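Remarks on the overall topology
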Amino acid sequence: MDQEGITDSRKINFQNNRLCYVGQDVTSIPEILGKMYGSKVRSLDLSFNSLTTLNHSELFPDLEELVLDNNNLDDTIKLPYLPHLHILSINNNKITVLENLVTQIKYNMPSLRFLSLIGNKACPTQLIDFEKDENDYKRYRYFVLYYLPELRFLDSRPVTNEELDTALTKGEFTKIIRPRFENEPLRFDWKLSLGSQPRPDTSNIFSPLSVSPTQEIHHQAAYGRRRYRYAGKHSEGNRFILNRDL
């Protein structure tokens, strides 16, 4: 595959202002796509590639939906200015830090109403880390909604008025802690404190919703019965919403 061009036009699916360029193993968006279709595209699906950058995404200025699921996008991601974007799906990538991402979204995508980050380390669920629980996910949602209060859906769940009120009150202080390093305990082990093991430094962890270390946690699944039908081709997030919800 030529990164600057496309050797087989049959791999492009463009109809009804929707452009799909899926599963082509490209690491950046081919510039020719923007030159050929940019001004006509309202929905762009680039899922199941190997994207590490969003170069040339600025060639699609009128996008309303951008699907980037199952790529290799990480914390170096630079989002373009897309004033009309309503839906952004970045499921199953390599994003670990929320603050940089939500700040870019806030200023570059002012019309965004649906965001999905499922499958990234920045989105703490047991789907990717069995040691995470529902409280971790709540803190994540509060943090995102504090910066992006106009969202109507976050991941697979609609945003409730009660949740938004809580996010605006305490979301600024619920920043998710950095991913733990290999062999680093996620929480302090009180049994080890009784022996000769040194106590880990937890001074950098702020967790206003955390439970007592001696309290047993009964984890409940983060996702209940889904009440929204699938309305997209490849996105793992936008299947939970209808067009009238946006």
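Throughout, a residue's number is its position along its own chain's written sequence, starting from 1. Per-residue local features are limited, in this predicted model, to residues with pLDDT of at least 70; the limit for side-chain atom pairs, both in listing and counting, is 80 or more; totals at the level of whole chains, interfaces and linings are taken over all residues. The basis for every side-chain value is the complete set of non-hydrogen atoms in the structure, without hydrogens or water.

For the protein, the name recorded in an unreviewed UniProt entry is Leucine-rich melanocyte differentiation-associated protein-like, with Aphis gossypii as its organism.

Some words on helix H2 (residues 98–108)
Defined as follows: Buried residues are those whose accessible area, probed at 1.4 Å on protein chains only, stays under 20% of the maximum for their type, while exposed residues exceed 50% and partly exposed ones sit between those limits. For the purposes of this entry, the term helix denotes a DSSP run of H or I that reaches at least four residues, the term strand denotes a run of E that reaches at least two, and both are numbered from the N terminus. Arc, as used here, means the arc of the directions from the helix axis to the C-beta atoms. Whether two residues are in contact is decided by their heavy atoms: any pair within 4.5 Å suffices.
If you check which residues of H2 are buried, you get Leu98, Leu101, Val102, Gln104, Ile105 and Asn108. For H2, the arc enclosing every buried residue in end-on projection is 160°, short of the 170-degree limit, so these residues lie on one face. Tucked into the core, H2 has its buried residues touching strand S5 (87–89), strand S6 (114–116) and helix H3 (134–147).

Focus on helix H4 (residues 161–170)
Given 3.6 residues per turn, any residue in an α-helix points the same way as the ones three and four places further on. For H4, the full list of buried residues reads Glu163, Leu164 and Ala167. Considered in projection along H4, the buried side chains sweep an arc of 100° and stay on one side of the axis. In H4, those exposed residues whose orientation departs by more than 90 degrees from the buried face are Asn161, Glu162 and Thr169. The elements touched by buried residues of H4 are H3 and strand S8 (157–158).

Remarks on the pattern of salt bridges
Selection rule: Any carboxyl oxygen of Asp or Glu that lies within 4 Å of a side-chain nitrogen of Lys or Arg is treated as forming a salt bridge with it.
Going through the model one piece at a time under the given rule, you end up with 5 salt bridges. A salt bridge links Glu65 to Arg18, with the nearest nitrogen and oxygen atoms 3.5 Å apart. A residue pair is termed long-range when its members are at least 10 positions apart, and Glu65 in strand S4 (residues 65–67) and Arg18 in strand S2 (residues 18–20) qualify at 47 residues. Connected through salt bridges with shared partners, the residues Arg18, Asp45 and Glu65 form a single ionic network.

Some thoughts on the packing of H2 against H3
We apply this condition: The axes are straight lines fitted to the C-alpha atoms, using for helices just the contacting stretch, and the angles between their N-to-C directions are given from 0 to 180°. The scheme is simple: roughly parallel for angles under 35 degrees, roughly antiparallel for over 145, roughly perpendicular for 65 to 115, oblique for anything else. For any helix crossing, the convention is left-handed if the near helix is rotated counterclockwise from the far helix by under a right angle, and right-handed if that rotation is clockwise. Each residue gets one label: Ala, Val, Leu, Ile, Met, Phe, Trp, Tyr, Cys and Pro are nonpolar, Asp, Glu, Lys and Arg are charged, and the others, such as Gly, are polar.
Relative orientation of the contacting elements H2 and H3 amounts to 30°, with a least axis distance of 9 Å. As the angle between them shows, H2 and H3 are arranged roughly parallel. Judged by the sense of rotation from one axis to the other, the crossing of H2 with H3 is right-handed. Here H2 contributes Leu98, Glu99, Val102 and Lys106 to the contact with H3, which in turn contributes Tyr140, Phe143, Val144 and Tyr147. Tallied by class, residues from the contact of H2 with H3 come to 6 nonpolar, no polar and 2 charged.

Concerning the sheet that holds S8
Applicable threshold: Any two strands between which DSSP finds at least two bridges are classified as paired.
Strand order in the open sheet made by the 8 strands is S1-S2-S3-S4-S5-S6-S7-S8, with mixed pairing throughout. Every other strand in the sheet has two partners, leaving strand S1 (13–15) and S8 as the edge strands with one partner each. Here 2 bridges tie strand S7 (residues 153–154) to S8, and the two strands are oriented antiparallel to one another. Its bridge partner lying in S8, Phe153 is registered against Pro158.

Re the nonpolar core
A general feature of soluble globular proteins is that nonpolar side chains tend to end up buried together. Note the following rule: Grouping buried Ala, Val, Leu, Ile, Met, Phe, Trp, Tyr and Cys residues that are joined through side-chain atoms within 4.5 Å yields what is termed a nonpolar core.
One finds Leu68, Leu88, Ile105, Leu115 and Val144 to be the most contacted residues of the largest nonpolar core, which totals 47 residues. When contributions to this core are tallied by element, the ones reaching two or more residues are helix H1 (31–37), H2, H3 and H4. The element that contributes the greatest number of residues to this core is H3, accounting for 7 residues. Those residues in contact with Ile105 that sit more than four places away from it in its chain are Leu79, Leu88, Pro110, Leu112, Leu115 and Leu148.

Details of the environment of Asn71
So the rule is basically this: Any pair of N or O atoms that falls within 3.5 Å is considered a polar contact. Within protein, one atom must be able to donate a hydrogen and the other to accept it, and sequence-neighbouring residues count only if both atoms are side-chain atoms.
Along the chain, Asn71 falls in the loop between S4 and S5. On the basis of relative accessible area, Asn71 is assigned to the buried category, the value being 4%. As for Asn71 and Thr53, which are separated by 18 residues in sequence, their C-alpha atoms are 9.7 Å apart. Setting aside residues up to four positions removed in sequence, Asn71 forms contacts with Leu46, Ser47, Phe48, Asn49, Ser50, Leu51, Asn92 and Asn93. Of the polar contacts made by the side chain of Asn71, one reaches the backbone nitrogen of Leu51; its length is 2.9 Å. Within the structure, the side chain of Asn71 is placed 3.0 Å from the backbone oxygen of Leu68, a separation counted as a polar contact.

A few points about the packing of aromatic side chains
So the rule is basically this: Side-chain rings of Phe, Tyr and Trp, where Trp is taken by its six-membered ring, are said to pair if the distance between their centres is within 6.5 Å; with planes under 30 degrees apart they count as stacked, over 60 as edge-to-face, and otherwise as tilted.
What the rule picks out here adds up to 5 aromatic pairs. A ring pair is formed by Phe14 and Tyr37, whose centres lie 4.9 Å apart and whose planes are at 40°; its orientation type is tilted. Of this pair, Phe14 sits in strand S1 while Tyr37 sits in helix H1, and the two are 23 residues apart along the sequence. According to the relative accessible area criterion, Phe14 is partly exposed, its value standing at 28%.

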